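# Observations on the three-dimensional arrangement
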Amino acid sequence: MDLDLSHPTLPDLRARAKRRLPHFAWEYLESGTGEDSAIRRSREALDAVVLAPAVLKGRTEPDLTTTLMGRTYTRPWGVSPVGMTGLFWPGAEITLAQHCVAQGLPFGLSTVAAASVEDLAPHVGDQGWFQLYPPRDMDHCEDLLSRAKAAGFHTLVLTVDVPGPSRRERQRRGGLQTPPRITPRLFLQSVLRPHWSMAVARAGVPSVRGLAKYASPHEPARHVGLAPHAAPDLALFKRLRELWDGPIIAKGVLVPSDAVMLRDLGFDAIWVSNHGGRQFDGAPGSAAALPLVRKALGPDFPVIFDGTVTSGLDVLRAIALGADFVMLGRPWLWGVAAFGARGAAHVTHILTEDMTSGMIQMGITRPAEVRDRLWDQVIG
Ligand SMILES: Cc1cc2nc3c(=O)[nH]c(=O)nc-3n(C[C@H](O)[C@H](O)[C@H](O)COP(=O)(O)O)c2cc1C
């Protein structure tokens, strides 16, 4: 199958993934919280970014390489940490890490992924970012960080926008329980998706392997978003700064004054995100917050962005609004659930072609030049 003809966009991969995943896994992947309004607001804010095409510039040769916090990546995007990634396809974490190594992109591993840092160690190369939901027990937290470091992860991502669980009503309706239980309903949904069921039967039912070591009879390592972890606070950050000698990113920032406070505390980058709309449905679209955060931080401080990015044009829009680097969550799982490793490669292919085409239309060679192509400024 020529994927460029059959699935030329990321939403095409999404449609195939939906057909291959059981309903409960699909709802877990796709849902936000509440009415999914924060997801809609993210999408609307990206759609509202209009860019100016150019004339008589000749043909440009876009160069997508991007340096972030001293490391050079081949393109300005990577894999956002996603909990229970292995639920969407067994081995999805390893498939995505291998893709990132092959393509020179950053790979974010969630604390509550199905695979552990040790599972990733042989595959993650020099591309690993480890996302931390701090375990409540500080000894466990320190142990987890040293395991991540030993496995080769060099950048720490502290998720700061999960002070407590959110309701995730769609997941509940889909039949997911806490702790996860294979009910007759989930079993029936799985039987209707034979490819997925066979893959899971071969690999075993996914669990949060990275935290298994710390589980006790009283506190089993639970499901993503519900795993027992401490709400991140200032004291925790200070301790992390002592424990982690690499860069630390604050993920999940929307309020400009918070971004400034976190920068002044010593974070190395700010990641503007509303957590894929999964934590607080009252939150703004991440793309609506992005230019405000950029303005507050000034032009040079590293800013990472995510939320509803589904094309190379969206990557350009985010950079136009002030991002240095763009991460994607769900689209990678669409790719892997649809076509395995080939699907992950196709995600990068689509983003590369689309972004390159957009840059040629605007007559620019480097991604950051898109900031001079904002329509309002050009005609201003
Ligand atoms: C199924 C799912 C699980 C997620 N789990 C985590 C997580 O464990 N840690 C985290 O920091 N963010 C998590 N996120 C948020 C993503 O890292 C990212 O911020 C979000 O998915 C970006 O939006 P996008 O999916 O529209 O690209 C999760 C998102 C999804 C969809």
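Small disclaimer: the values here were computed from a predicted structure and weren't measured.

The interhelical angle for the contact between helix α14 (residues 312-320) and helix α16 (residues 341-362), taken along N-to-C directions, is 60°, at an axis separation of 7 Å. By the angle between their axes, α14 is oblique relative to α16. Residues G312, L313, V315 and L316 of α14 form the contact with α16, whose participating residues are L351, T352, E353, D354, M355 and G358. A per-class count over the contact of α14 with α16 returns five nonpolar, three polar and two charged.

A separate point is the environment of H140. Structurally, H140 is set in helix α7 (residues 138-150). Its 15 C-beta neighbours within 10 Å are what place H140 among the partly exposed residues. Taking C-alpha positions, H140 is 6.8 Å from Y214, a pair spaced 74 residues apart along the chain.

Phi angles above zero are rare outside glycine, and L56 is one such case at about 50°. Within the element layout of this structure, L56 appears in the loop between α4 (37-47) and β1 (66-68). In this structure L56 comes out as exposed when scored by C-beta crowding, with 5 C-beta atoms within 10 Å. The phi dihedral of R168 falls on the positive side, at around 45°, and the residue is not glycine. Following the sequence through the fold, R168 ends up in the loop between β6 (155-159) and α8 (169-174). The exposure class of R168 is buried, given the 21 C-beta atoms found within 10 Å.

Burial along strand β8 (residues 269-272) is two-sided: the residues A269 and W271 and I270 and V272 are all buried. Bridging between strand β7 (residues 248-253) and β8 involves four bridges; their strand directions are parallel. Bridged to V253 within β8 is V272. Handedness of the crossover is the feature at issue here: the chain leaves β7, passes through helix α12 (residues 256-265), returns alongside β8, and the resulting connection is right-handed. With three bridges joining them, β8 and strand β9 (residues 303-306) adopt parallel strand pairing. What sits directly across from V272, in β9, is F305. In this fold, β8 hands off to helix α13 (residues 286-297), which returns the chain to β9; that crossover is right-handed.

Three- or four-residue spacings in an α-helix give side chains the same orientation, since the helix completes a turn every 3.6 residues. Burial of helix α10 (residues 194-203) is sparse: only one of the ten residues sit out of reach of the surface. Of the residues flanking the end of α10, it is G204, one or two places downstream, whose phi is positive at about 95°.

Here we come to the pairing of strand β10 (residues 325-328). Here β10 shows no split at all, with F325 and M327 on one side and V326 and L328 on the other all buried. By the bridge criterion, three bridges tie strand β3 (residues 77-79) to β10 in an arrangement that is parallel. The residue bridging V79 from the neighbouring strand is L328, located in β10. Relative to β10, β9 runs parallel, the two being bridged by three bridges. Residue pairing for β10: F305 is matched across the bridge by V326. Once the chain exits β9 it traverses α14 before rejoining the sheet at β10, and the crossover so formed is right-handed.

For the rest of this paragraph, the subject is the packing of α12 against α13. In contact at an axis separation of 8 Å, α12 and α13 are set at 40° when each is read in the N-to-C sense. If you check the angle between α12 and α13, you find them oblique. The two elements α12 and α13 meet at a crossing, and its hand is right-handed. In this structure, α12 contributes P256, S257, A259, V260 and R263 to the contact, and α13 contributes L292, V293, K295, A296 and L297. Here the residues of the contact of α12 with α13 are counted per class, giving seven nonpolar, one polar and two charged.

Conventions adopted
- Residues numbered from 1 in each chain as written.
- Predicted model: local features only at pLDDT ≥ 70, side-chain atom pairs only at ≥ 80, totals over all residues.
- Axes fitted to C-alpha atoms, helices over the stretch in contact; angles between N-to-C directions.
- Helix = DSSP H or I, 4+ residues; strand = E, 2+ residues; numbered from the N terminus.
- Parallel < 35°, antiparallel > 145°, perpendicular 65-115°, else oblique.
- Contact = placed C-beta atoms within 7 Å.
- Nonpolar A, V, L, I, M, F, W, Y, C, P; charged D, E, K, R; others polar.
- Buried ≥ 20, exposed ≤ 12 C-beta atoms within 10 Å, placed from the backbone.
- Pairing = 2+ DSSP bridges.
- Right-handed = clockwise from strand over helix to strand, strands pointing away.
- Left-handed = near helix turned anticlockwise from the far one by under 90°.

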